[in-house]
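In case you want the letters, here they are:
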Amino acid sequence: MKQNLVAGAWLDGLDAVENRNPADVSEVIGLYARASADHVDQAAQAARAALPAWAGASPQVRSDLLEAVAQELLARKDEIGRVLAREEGKTLAEAIGETARAAQVFRFFAGEAIRVAGDAIASVRPDVDVDVVREPVGVVGLITPWNFPIAIPAWKIAPALAYGNTVVFKPADLTPASAHILTQIIHNAGCPAGVFNLVMGQGSVVGNAIVSHPQVDAISFTGSVPVGRGLAVQAAKGMKKVQLEMGGKNPIVVMDDADLDIAVPAILNGAFFSTGQRCTASSRIIVQDGIHDAFVDRLTAEMLALKVGNPLDPSVQIGPVVSEKQLNGNLGYVDLAKQEGAEVIGGQRIQGETDGYFQAPALFLNATNAMRSTREEIFGPCASVIKVADFDEALASANDTEFGLSSGICTSSLKYAREFKRRSQAGMVMVNLPTAGVDYHVPFGGRKGSSHGSREQGRYAAEFYTIVKTAYSFAG
Ligand SMILES: NC(=O)C1=CN([C@@H]2O[C@H](COP(=O)(O)OP(=O)(O)OC[C@H]3O[C@@H](n4cnc5c(N)ncnc54)[C@H](OP(=O)(O)O)[C@@H]3O)[C@@H](O)[C@H]2O)C=CC1
Ligand SMILES: O=C(O)CCC(=O)C(=O)O
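Residues numbered from 1 in each chain as written. Chains lettered and ligands numbered in written order. Predicted model: local features only at pLDDT ≥ 70, side-chain atom pairs only at ≥ 80, totals over all residues. Heavy atoms only, no water.

(A) Here's a closer look at the overall build of the chain. If you tally the helices and strands in the chain, you get 15 helices and 22 strands. For 476 residues, the compact-globule estimate of 2.2 N^0.38 gives 23 Å, and the chain sits close to it at 23 Å. Seen through its C-alpha atoms, the chain measures out along the principal axes to roughly 75 × 60 × 40 Å. Counting all 476 residues of the chain, 56% fall into the buried class. Of the contacts formed within the chain by residues at least 6 apart in sequence, a portion of 71% connects residues at least 24 apart. By element, 52% of the accessible surface of the chain is carried by carbon and sulfur atoms, the whole surface being about 18400 Å². Charge separation in the chain, taken as the distance between the mean sites of 42 positive and 51 negative side-chain charges, equals 4 Å. (Helix = DSSP H or I, 4+ residues; strand = E, 2+ residues; numbered from the N terminus. Rg over C-alpha atoms; globule rule 2.2 N^0.38 Å. Buried < 20%, exposed > 50% of the residue type's maximum accessible area, 1.4 Å probe, protein only. Contact = heavy atoms within 4.5 Å. Areas by Shrake-Rupley, 256 points an atom, 1.4 Å probe, with all protein chains shown as cover. Lys, Arg positive; Asp, Glu negative; His and termini not counted. Charge placed at Lys NZ, Arg CZ, Asp CG, Glu CD.)

Given below as structure tokens:
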């Protein structure tokens, strides 16, 4: 049984969860201890006790730890990628790529640890100095989803440790294996006891205990909108700093002047790769009427040619959906789209050679933003196609959503591209690129209902993981 890491010791849990392969549910990947609220308490107390030494350590010590983690992740990316693909279902190439990207995140923050900078501001009193310094927030609770089980933890753990915070980390209950390997790597790299704690288990128990724990100063969460909203309300009662990254229903516009050799592969990737299980997925495809039929014909043909199956098979492009619950949700949306009047292509369950949660990718044609299947995040391989007359209608349709994570436009016109970048109500805007597929060193986050609090990734992460202190000094 794989255990939790609390105060530098490996501990059994309250009970255990059997982690299974969504491509073949008869295959058990491992048995993972589920922590209790008491374990969370021990972890939070240990993180509090370890904070002064870690926050006061030389930035070089923190940098060296992160660099060692990066090197180990890179050296083992094929092995870790295989575990990730088996527990989450994305293809082996995607899983190895995700692991390599996580390594780059650790490497980037190894640099940031020694670059953290404040400010010296002239005082209005000539005999006084004013220094603005960045200090760690304290004990941070990190709660992550299953869809990027190495990369999203890396986005949070690396800056948290770089800036001198101590950590209580809860990964998704569906994907403990990747999180456990990452924890072993951090531990074996010499992370001091209590600085980094892993508490696996269910959100309702472990997540809830972290959010309500008085020793936890800040929470960074990635996951669904309802859980994020509830968590923010609960965290506010303890006056905790909160960062939420939640869902998306990301529009990508295809203008009449788009190059289909660019637009079709970009949208195929954005909508269906990672089985559409990305908050940045291109799930609303908004197409100008002059190019609509040619685009849809080509996208449909290429979508139907995508190979769905075992993610360890190198010829497979779409792995299984992560769980039965998620699959049933997706199939429900396929039925709903039909009831709402969309023409549905694909989307059926596929019985593979193994007992897995395979689903054919789906397009909902003749969709409108009034349809629930086009407004709500599905988080599966399903995308709506909306026909529009011109740029203004495309932009209005793109912005007609409660979400605002990522958006895109495919066009050869600099004027449309520029106008779209300026007027899109999303946190990230892509031109001639999928709405998904982000760099590891630039800000990630959304607007409206997609995000709350400051950005993740890149040097902007310092806004969340540090707190500013203004120091006045008078030498007499
Ligand atoms: N904007 C972004 O950056 C991203 C957003 N997402 C969003 O995440 C969702 C899919 O991930 P999923 O894991 O199902 O999302 P959930 O919101 O269900 O879970 C996210 C994490 O929160 C935990 N959790 C659940 N309930 C509570 C609670 N009451 N208190 C504290 N923690 C809790 C979960 O634990 P448990 O595993 O036990 O349920 C999990 O670790 C999608 O809606 C997607 O849009 C995903 C990736 C990126
Ligand atoms: O690309 C990534 O690493 C993660 C992006 C993400 O969180 C998502 O699309 O769900």
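(B) Focus on the site of ligand 1. Around ligand 1 sit 29 residues, and of these Thr-144, Gly-203, Ser-224, Met-246 and Glu-377 come closest. Within the side chain of Lys-170, one N or O atom sits 3.1 Å away from an oxygen atom of ligand 1. Asp-173 is positioned with one of its backbone polar atoms (N or O) 2.8 Å from an oxygen atom of ligand 1. Within the residue set of the shell around ligand 1, elements represented by two or more residues are helix 7 (203–211), strand 10 (218–222) and helix 8 (225–237). Counting residues per element, the shell around ligand 1 draws most heavily on helix 7, at three residues. Grouping the amino acids of the shell around ligand 1 by side-chain chemistry returns 14 nonpolar, eleven polar and four charged. (Near = heavy atom within 4 Å. Polar contact = N/O pair within 3.5 Å; in protein donor to acceptor, adjacent residues only side chain to side chain. Nonpolar A, V, L, I, M, F, W, Y, C, P; charged D, E, K, R; others polar.)

(C) Looking closely at the site of ligand 2. Around ligand 2 lies a shell formed by Arg-101, Asn-147, Phe-148, Ala-151, Ile-152, Trp-155, Arg-278, Cys-279, Thr-280, Val-438 and Phe-444. At a separation of 2.7 Å, an oxygen atom of ligand 2 approaches a polar side-chain atom of Arg-101. Contacts to ligand 2 include Cys-279, whose backbone N or O atom sits 2.7 Å from an oxygen atom. Coverage of ligand 2 by the protein chains reaches 97% of its 290 Å² of free accessible surface. Its atoms largely coinciding with the cavity grid, ligand 2 occupies the second largest pocket. Top element by residues in the shell around ligand 2 is helix 5 (residues 151–162). It accounts for three residues. Residues of the shell around ligand 2, tallied by class, amount to seven nonpolar, two polar and two charged. In this structure, the shell around ligand 2 is formed jointly by two domains, domain 1 (4–246 + 450–474) and domain 2 (251–431), each of which donates at least three residues. (1 Å grid on protein atoms, 1.4 Å probe; cavity = no way out; pocket = protein on both sides within 12 Å on 5 of 7 lines; lining within 4 Å. Sits in = over half its atoms within 2 Å of the grid points. Domains from an automatic or database assignment.)

(D) Summary view of the nonpolar core. Ranked by size, the top nonpolar core spans 67 residues in total, and within it Leu-73, Phe-106, Phe-109, Ile-157, Leu-161 and Ile-186 carry the most contacts. The contact partners of Phe-109, leaving out residues within four places of it in the chain, are Leu-66, Ala-158, Pro-159, Ala-162, Tyr-163, Gln-457, Gly-458 and Ala-461. Ranked by size, the runner-up nonpolar core spans 25 residues in total, among them Ala-258, Val-264, Met-303 and Cys-410. (Core = buried A, V, L, I, M, F, W, Y, C linked by side-chain atoms within 4.5 Å.)

(E) Quick look at the pattern of salt bridges. Scanning all chains against the criterion turns up 19 salt bridges. We note a salt bridge from Arg-76 to Glu-72, for which the minimum N-O separation is 3.3 Å. Overall, the relative accessible area of 32% leaves Glu-72 in the partly exposed class. Notably, a salt bridge pairs Arg-134 with Glu-463, separated by 3.0 Å at the nearest N-O pair. (Salt bridge = Lys/Arg side-chain N within 4 Å of Asp/Glu carboxyl O.)

(F) Main features of the UniProt feature "active site" (unreviewed entry) in the chain. As annotated by UniProt and renumbered to match this structure, "active site" (unreviewed entry) occupies Glu-245. Not counting chain neighbours up to four residues away, the residues in contact with Glu-245 comprise Phe-221, Thr-222, Gly-223, Leu-405, Phe-444, Gly-445, Gly-446, Ser-450, Ser-451 and Glu-456. (UniProt positions renumbered as here; feature names shortened; annotations may be inferred.)

(G) How the structure looks around the environment of Leu-304. With respect to the helices, strands and loops of the structure, Leu-304 is situated in helix 10 (residues 289–304). Along the backbone, Leu-304 and Ser-454 are 150 residues apart, and their C-alpha atoms lie at a distance of 40 Å.

(H) Just the packing of aromatic side chains, in detail. Applying the stated rule across the entire model yields seven aromatic pairs. Between the aromatic rings of Trp-155 and Phe-444, the centroid separation amounts to 4.5 Å while the plane-to-plane angle is 55°, which identifies the pairing as tilted. Of the two residues, Trp-155 sits in helix 5 while Phe-444 sits in the loop between strand 20 (428–431) and strand 21 (451–452), which places them 289 residues apart along the sequence. Of the two residues examined, Trp-155 and Phe-444, each falls in the buried class. With 5.0 Å between their ring centres and 15° between their planes, Phe-391 and Tyr-416 make a pair best called stacked. Residue Phe-391 is found in helix 13 (residues 391–399), and its partner Tyr-416 is found in helix 14 (residues 414–423); the two are separated by 25 residues along the sequence. Given the relative accessible area of 8%, Phe-391 is considered buried. (Phe/Tyr/Trp six-rings, centres within 6.5 Å; stacked < 30°, edge-to-face > 60°.)

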